[in-house]
Structure formats: structure tokens, C-alpha cells
Amino acid sequence: ARALTPQTAETDAIRFLVGTQSLRYDNQIHIIDFDDENNIINKNVLLHQVGEIWHVSTSPADKGVLATCYNKTSDSKVMTCAAVWRMPKELESGSHESPDDSSSNTQTLELLCHLDNTAHGNMACVMWEPMGDGKKIISLADNNILLWDLQESSAKAVLSSSAALEGKGQLRFTSGRWSPHHNCTQIATANDTTVRGWDTRSMRQIYCIENAHGQLVRDLDFNPNKQYYLASCGDDCKVKFWDTRNVTEPVKTLEEHSHWVWNVRYNHSHDQLILTGSSDSRVILSNMVSISSEPFGHMVDDDELSDQEDQHQEEKIKEPLQDSVIATYEEHEDSVYAVEWSSADPWLFASLSYDGRLVINRVPRALKYHILL
């Protein structure tokens, strides 16, 4: 398996979706529900009979809707296609009741529509408009950016605009993210060693970070609380943080992994917490507090302090906190292709390695209280 996503529209139950990559059997979407009171993982399995799943993403507005990018073989050629699906009604919101015999009642995903890519090439990923009503999605196919409108309760996808990368050689996007800032009018894409920003209204490039990494850029993520801040990671084993207003130099660089870094994710609530997953089989949780939205820690209102406390507080506030690696998780024995924060619990995250092992972890309690108090 290499595809993992939180169920974005579900903010009560802790739930992740995993897509499998099996050549021999029908592929599946596993719906993983974590019951944090009893530390139990429940799962339901949905059949995805069209091919190996390379990428999965969920609608921000509808718990039952998801998109996958998958391999399809036709006339001995392999194409990566994308489609939008609906899960069965009874599985849409988190259930803690595990069926007694899950093998007998495997259900199938209902196909809502294909994102037709016959003219555009192989799909790398599908991104939903972050704050939207679940009707706008962007897919990256080879060197094309395609903006789709989902119509008639997502039964039809209409291509509303597109842009293409131009230049020498075989240009192909590897990944992209839709920015939650600027009224959701910007996306960032990665191709080869370059990171580019695009305006979704004009489909024009707005910034370009050439040679952002020494080798292929694998993944990107936007800081949810600070506009202009973007993280990237790649095959040079590095994670870099950028201010897109000045792209000549990264603001910070992390060099903790010893192999390709496949994934970087900002915590949705506490943007100093950064997760990375790598083919060195490790997941690293870092505290990048100096470039976070609270570089001096949690600010206390002046009104709440007496004079004496006031002086101490001022002394305390002057020092920015230090960046550090909080923890390194070594529960995986294979390449970690995906790490994701839960959309329901800001202190919980999942990681997925190629051997199909999914691990759920929590931010260490001491750090959680340090951030909160």
C-alpha cells in the first residue's frame, strides 16, 4: 500500500482511508476507524476493482465521496487514471461496531465519474478545493494541470480550465497541493527538482523555485496558519521550508532522514508540528517552532497578569523557542510512503509503509501540554 488520507469531512471520528497496491488480487480501500478511548482499530473494506491505487483523497464537504488515482492496463499499456467514488451510505460516518465476519460482506465503491485523461496523460494526484463545497477538484496529469467542476451530485466532471508545463524533455508533475489561503486561488506543484505556484483563476504561474531540491521533489504542503509558507521534501533526503514571496533561499532546512523523503505534512492546528515519512523506514516528528505562527510560544494577554508576573512574562517572551526533532518512530520495516494527521484529533497521526503496515501514533503528551499550556 502507498495511498493514505484522513477523511477530511469527518471531524468527530478518527478515520483514515488506505488504498492497496496488489497485482494479484482485487484492490481495496480500507476504512480505518480508531477508537481512541479503547485503543482499538476497526476496519471496513471496500472493493476497488479497477487497479492498483497510487493516490487517494477525500472530499472536504461530503464524508462519503473520495477520489483515487489508479493503474489501468489496456492493450498492454499501463495508464494511471482517476475517478470519483461514493462509499456505501452506512459506512460514511465513523462506526465503532466491527462486523463479526467482515469477509462475507465486502462492499464495492460506487463509481460517480471518471476524470477523463485520455488526452492528458497519466494522473499523478487529485486535490480538492480545501474550503470548498466539494465541487472543484484539480488533477495533475503528466505535464497538465486540469481544473474540474463536479456537476449533478458528482456524477459528471466537466473540465473548466487547464494549463500545461512547457519546456524541453518529458516534463511531468510528481505532486501538488491546493493552498488554503488567498481564497483558495493558488496551488503549488512539484515537477523534477522544481516547485511552482499557480493562480487557479488565470492558470498562470506566479512563482517558481528552481532546484528547490538537489533531486526529485516528492511532496509539498502549505502551512495552514501562515500564508506564503510552504514545505517541500525530496530525494535529496531533505525537507525545506519556503516563503513564496522570496524563493531564492529556503527559510529552513531539515536533514534528519537518510533516504528519499516521500511525504511532509503540517499539523492542521499547531503548525510548528511537522511530520515526515521516508524510505529509510522512519517517521520523524519535528517541532519547527521558529517559523510557526507562534514563534515565541503561546502569548498571554497582558490584562491577565499582575505587575510582578508581567516582568517575568516579558523576560520569557523575548526568547524564540528552539526547533528540534521531537521523536523518531521506527515501527515500520519498509519504506514509509505516506504520513497524515487525523482531521478529527490534532494530536494523532497515521503512517503507512509499502508492506501494508499502518501505524497510528500520538504526539508525546509532554509536548502536547507544553504547546497547550
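Quick caveat, the model's predicted, so the values are computed rather than measured. (Residues numbered from 1 in each chain as written. Predicted model: local features only at pLDDT ≥ 70, side-chain atom pairs only at ≥ 80, totals over all residues. Heavy atoms only, no water.)

Visitor: Summarise the overall build of the protein chain; cite the residues concerned and give the values.
Guide: Each helix and strand in the protein chain was counted, giving two helices and 28 strands. Its C-alpha atoms give the protein chain a radius of gyration of 21 Å, near enough to 21 Å, the size a compact globule of 373 residues would have. Counting only C-alpha atoms and orienting by the principal axes, one finds that the protein chain spans roughly 75 × 55 × 40 Å. When each of the 373 residues of the protein chain is scored for burial, the buried share is 53%. Taking the contacts inside the protein chain whose residues are at least 6 apart along the sequence as the reference set, 50% of them involve residues at least 24 apart. Summing over all exposed atoms, the protein chain offers an accessible surface of approximately 17,500 Å²; the carbon and sulfur share of this is 44%. (Helix = DSSP H or I, 4+ residues; strand = E, 2+ residues; numbered from the N terminus. Rg over C-alpha atoms; globule rule 2.2 N^0.38 Å. Buried < 20%, exposed > 50% of the residue type's maximum accessible area, 1.4 Å probe, protein only. Contact = heavy atoms within 4.5 Å. Areas by Shrake-Rupley, 256 points an atom, 1.4 Å probe, with all protein chains shown as cover.)

Visitor: Can you break down the pattern of salt bridges residue by residue, with the values?
Guide: Inspection of every chain in the model, using the stated rule, returns 15 salt bridges. The partner of Glu92 in a salt bridge is Arg86, and the shortest N-O contact between them spans 3.1 Å. Across the pair Asp323 and Lys252 runs a salt bridge whose closest N-O atoms are separated by 3.3 Å. Within this pair, whereas Asp323 is found in the loop between helix 1 (307–318) and strand 25 (324–329), its partner Lys252 is found in strand 21 (residues 252–254), the two being separated by 71 residues in sequence. Asp323 gets classed as partly exposed once you look at its relative accessible area, which sits at 23%. (Salt bridge = Lys/Arg side-chain N within 4 Å of Asp/Glu carboxyl O.)

Visitor: Mind laying out the confidence of the model for the protein chain, listing which residues take part and the relevant values?
Guide: Predicted confidence across the protein chain gives a mean pLDDT of 89, with 90% of residues reaching 70 or more. Mean pLDDT values for the elements of the protein chain range from 53 in helix 1 up to 97 in strand 27 (residues 348–353). (pLDDT = per-residue confidence, 0-100.)

Visitor: Can you explain the packing of aromatic side chains? Please cite residues and give values.
Guide: For any pair of aromatic rings, the description rests on two quantities: the centre-to-centre distance and the angle between the ring planes. Overall, the coordinates contain seven aromatic pairs when judged by the stated rule. Note on Phe173 and Trp198: the rings are 6.5 Å apart at their centroids and 75° apart in plane angle, and the pair reads as edge-to-face. One end of the pair, Phe173, is in strand 14 (residues 173–178); the other, Trp198, is in strand 16 (residues 194–199), and 25 residues separate them in sequence. The same class applies to Phe173 and to Trp198, which are both buried. When the centroid spacing of 4.4 Å and the interplanar angle of 75° are considered together, the rings of Trp262 and Tyr337 count as edge-to-face. With Trp262 in strand 22 (residues 261–266) and Tyr337 in strand 26 (residues 336–341), the pair connects residues that are 75 residues apart, well separated along the chain. (Phe/Tyr/Trp six-rings, centres within 6.5 Å; stacked < 30°, edge-to-face > 60°.)

Visitor: An account of the sheet that holds strand 28 (residues 358–362) is needed here, citing residue identities and associated values.
Guide: Taken together, the three strands give an open sheet; going across it, the order is 26-27-28, and neighbouring strands pair in antiparallel fashion. Edge positions in the sheet fall to strand 26 and strand 28, since each has one partner strand and no second. Sheet twist, expressed as the mean angle between neighbouring strand axes with direction ignored, is 20°. Note: strand 26 against strand 27, five bridges, orientation antiparallel. Considered in strand 27, the bridge of Glu340 is made with Ala350. (Pairing = 2+ DSSP bridges. Axes fitted to C-alpha atoms, helices over the stretch in contact; angles between N-to-C directions.)

Visitor: Explain the nonpolar core to me, and be specific about the residues and the numbers.
Guide: One finds Val84, Leu115, Met123 and Ile137 to be the most contacted residues of the largest nonpolar core, which totals 17 residues. Among the elements of the structure, strand 6 (65–74), strand 7 (77–86), strand 9 (110–115), strand 10 (123–128), strand 11 (136–141) and strand 12 (144–151) are those that each provide at least two residues to this core. Met123 has contacts with Cys69, Thr80, Cys81, Ala82, Leu115, Asn117, Ser139, Leu140, Ala141, Leu146 and Trp148, leaving out every residue within four places of it along the chain. (Core = buried A, V, L, I, M, F, W, Y, C linked by side-chain atoms within 4.5 Å.)

Visitor: Describe the sheet that holds strand 11, naming the residues involved and giving the relevant values.
Guide: The sheet built from four strands is open, its strands ordered 10-11-12-13 with antiparallel pairing. Two strands in the sheet have a free side with no partner beyond their single neighbour: strand 10 and strand 13 (156–164). Averaged over all pairs of adjacent strands, the angle between strand axes in this sheet comes to 25°, irrespective of strand direction. Looking at chain direction, strand 10 and strand 11 are connected through five bridges and run antiparallel. Following the sheet pairing, Met123 is matched in strand 11 by Ala141.

Visitor: Give a description of the pairing of strand 17 (residues 204–209) that names residues and reports values.
Guide: Direction of pairing for strand 16 relative to strand 17: antiparallel, over a ladder of five bridges. In the strand pairing of strand 17, Arg196 is matched with Cys208.

Visitor: If you had to explain the domain arrangement of the protein chain to someone new, which residues and values would you point to?
Guide: For the protein chain, the assigned domains are domain 1 (1–91 + 106–164) and domain 2 (166–294 + 319–372). Relative placement of domain 1 and domain 2: their C-alpha centres are 21 Å apart. Counting residues at the interface gives 42 residues for domain 1, matched by 38 residues for domain 2. Buried surface at the junction of domain 1 and domain 2, summed over both partners, amounts to about 3,100 Å²; 71% is from carbon and sulfur atoms. Here domain 1 and domain 2 share one salt bridge between them. With its nearest N and O atoms 3.5 Å apart, the salt bridge here joins Asp142 to Arg172. The tally of links between domain 1 and domain 2 comes to six residue pairs in polar contact (both at pLDDT 80 or more). Those elements giving two or more residues to the side of domain 1 that touches domain 2 turn out to be strand 1 (3–6), strand 2 (14–19), strand 3 (27–35), strand 10, strand 11, strand 12 and strand 13. Residues belonging to the side of domain 1 that touches domain 2 are distributed by class as follows: 24 nonpolar, eleven polar and seven charged. (Domains from an automatic or database assignment. Buried area = accessible area lost by both parts, 1.4 Å probe. Polar contact = N/O pair within 3.5 Å; in protein donor to acceptor, adjacent residues only side chain to side chain. Nonpolar A, V, L, I, M, F, W, Y, C, P; charged D, E, K, R; others polar.)

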